[in-house]
Amino acid sequence: MQLSPTLAWLLDAASDCRGADHLLAELGAHLAADGVPLAAGALTLEVPHPLIAKRTWLWRADSGQVIEALGFAPGGLAPDPPDDAGRRWLRDIAGGEVHEDVAGRPDGPLLGWIGPRPFTADEIEQLRQAARFAATPLAVLAARATLRATLDAYLGTRSAERVLAAPLRRDLGETIQAALLYADLRNFTNLSETVPPAAVIAALDAWFDRIAGAVHAFGGEVLKFIGDGVLAIFPVLEASPRRACDAALRAASAAEAGMAYLNKERRAQGLPPLSFGAALHLGEMLWGNIGAANRLDFTAIGPAVNLASRLEGLCKPLGRTVLVSGALAAETEMPLVALGTHELRGIAAPCEVFALEESQARIS
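The sections below set out a description of the structure shown in this document.

Rules behind the numbers
- Residues numbered from 1 in each chain as written.
- Predicted model: local features only at pLDDT ≥ 70, side-chain atom pairs only at ≥ 80, totals over all residues.
- Heavy atoms only, no water.
- Phe/Tyr/Trp six-rings, centres within 6.5 Å; stacked < 30°, edge-to-face > 60°.
- Buried < 20%, exposed > 50% of the residue type's maximum accessible area, 1.4 Å probe, protein only.
- Helix = DSSP H or I, 4+ residues; strand = E, 2+ residues; numbered from the N terminus.
- Expected span 1.5 Å × (residues − 1).
- Salt bridge = Lys/Arg side-chain N within 4 Å of Asp/Glu carboxyl O.
- Patch = residues over 30% accessible without salt bridge, like charges linked within 9 Å, V, L, I, M, F, W, Y side chains within 5 Å.
- Areas by Shrake-Rupley, 256 points an atom, 1.4 Å probe, with all protein chains shown as cover.
- Lys, Arg positive; Asp, Glu negative; His and termini not counted.
- Contact = heavy atoms within 4.5 Å.
- Axes fitted to C-alpha atoms, helices over the stretch in contact; angles between N-to-C directions.
- Parallel < 35°, antiparallel > 145°, perpendicular 65-115°, else oblique.
- Left-handed = near helix turned anticlockwise from the far one by under 90°.
- Nonpolar A, V, L, I, M, F, W, Y, C, P; charged D, E, K, R; others polar.

Let us look at the packing of aromatic side chains. Under the counting rule described, the total for this entry stands at five aromatic pairs. On the numbers, 6.4 Å between centres and 35° between planes, the contact of Trp 207 with Phe 208 is tilted. The class of Phe 208 is buried, set by a relative accessible area of 13%. Ring geometry for Trp 207 and Phe 276: centres 5.1 Å apart, planes at 40°, overall tilted. A residue pair is termed long-range when its members are at least 10 positions apart, and Trp 207 in helix H7 (residues 197–217) and Phe 276 in strand E9 (residues 276–292) qualify at 69 residues.

The structure is reproduced here in structure tokens:
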């Protein structure tokens, strides 16, 4: 069977593309080299993501550049764009008739093309054949994207990269230094026993949005949601840990501000406010796989994690929202309030304790 260069490339090499955007650009270039007059092309894929429902890429033949638009899932950050996002883009570029094909199954990826003039019957057949042959490499790329998006959603970006790069064995891990943030809600047990389950879930989601959003905004990563608690890390990536420590402090301050705004909304709705405690610490931890022989968890463990958890337990007795260990306080010039040295349950040495200067909120 004699295949065109485009179809041969789709069969032999397209699955090795780094992503759907690269596949679209290379496919457009191959089709143009095979004589199909193209002004632009678009590719739309459904993607597994907590917020994003669809991704659409647009390739321009004149520049070879690819740009992207996101369609958000219900409850996401923005309304869904129309399903014809790619079609509208193509029409904006050339103003003619758009040719579209579904690659693979009826609800599969959508490939659209537009030329400087209407396509001939032979050219339309070339585009249809390209869509048929593109179904398999697009399925391969979609599977990779699904795996990566799933791991990112459940593990976080850095941890997902580590899992993908290493064998699935529980004896693999590395010791890293990081600023840790451990936080949890106050009076959650009472909340869960006195309000309907749907309201409990809504409160948890709102809390996690504020604390995780603050962590991610300053370059940290949430490792675990533990009941109503959160364990996050800000890895030390430079010779000095100051940048990681400052990022953790700013994230804690941002979380306070976010919760204050949330509580203002909750009071307006007749709902009780949500209070929380958070502890920040700097130390080393083992970052890697633990678990049973055939059931693994990727997490961080070690004395530093234990200290952060115990330090958070002092928030309520000391009447502070955010506490900072002496180890982290020594690496920052941000203003802190010294609260003395305190014993921590299960920790051998007493811990110097500080609080954010602006952290004056009392915990009920």
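What follows concerns helix H2 (residues 20–33). Across its 14 residues, H2 extends 20 Å between first and last C-alpha, which sits within 8% of the 20 Å expected from 1.5 Å per residue. Listing the buried residues of H2 in full gives Ala 20, Leu 23, Leu 24, Ala 25, Leu 27, Gly 28 and Leu 31.

On to the pattern of salt bridges. For the coordinates displayed, the defined rule picks out 14 salt bridges. Ionic pairing is found between Glu 68 and Arg 55, a salt bridge with its closest N-O pair at 2.4 Å. Taken as a pair, Glu 68 in strand E3 (residues 66–72) and Arg 55 in strand E2 (residues 52–60) lie far apart in primary sequence, 13 residues in all. Glu 68 gets classed as partly exposed once you look at its relative accessible area, which sits at 37%. Judged by relative accessible area, which is 29%, Arg 55 ranks as partly exposed. Between Glu 161 and Arg 148 there is a salt bridge whose closest N-O contact spans 3.4 Å.

Residues Leu 286, Ile 290 and Ile 301 make up a contiguous nonpolar surface patch of roughly 200 Å² in combined accessible area. Looking at where Ile 301 falls in the secondary structure, it is placed in strand E10 (residues 295–301).

Glancing now at the side chain of Arg 266. Inspection of the secondary structure assignment puts Arg 266 in helix H8 (residues 242–268). Salt bridges are absent for the buried Arg 266, whose nearest opposite-charge side chain, Glu 265, sits at 8.7 Å. What Arg 266 contacts, discounting residues up to four positions off in sequence, is Ala 203, Leu 271, Pro 272, Pro 273 and Leu 274.

Let us now look at H7. The first and last C-alpha atoms of H7 sit 30 Å apart over 21 residues, in line with the 30 Å expected at 1.5 Å per residue. Among the residues of H7, those classed as buried are Val 200, Ala 203, Leu 204, Ala 206, Trp 207, Phe 208, Ile 211, Ala 212, Ala 214 and Val 215. Residues of H7 that are buried in the fold lie against strand E6 (173–185), helix H6 (188–194), strand E7 (221–226), strand E8 (229–235), H8 and E9.

Our focus in this paragraph is the packing of H7 against H8. What describes two packed helices is the angle between their axes and the distance between those same axes. Where H7 contacts H8, the axes come no closer than 8 Å and their chain directions differ by 150°. With respect to H8, the element H7 is oriented roughly antiparallel. For the element pair H7 and H8, the recorded crossing hand is right-handed. Taking contact as the criterion, the partners of Ala 203, Ala 206, Trp 207, Arg 210, Ile 211, Ala 214 and Val 215 in H7 are, on H8, Ala 251, Ala 254, Ala 255, Gly 258, Met 259, Leu 262, Glu 265 and Arg 266. A breakdown of the residues in the contact of H7 with H8 according to their chemical character gives eleven nonpolar, one polar and three charged.

Everything listed here is a matter of coordinates, which is why it stays silent on function.
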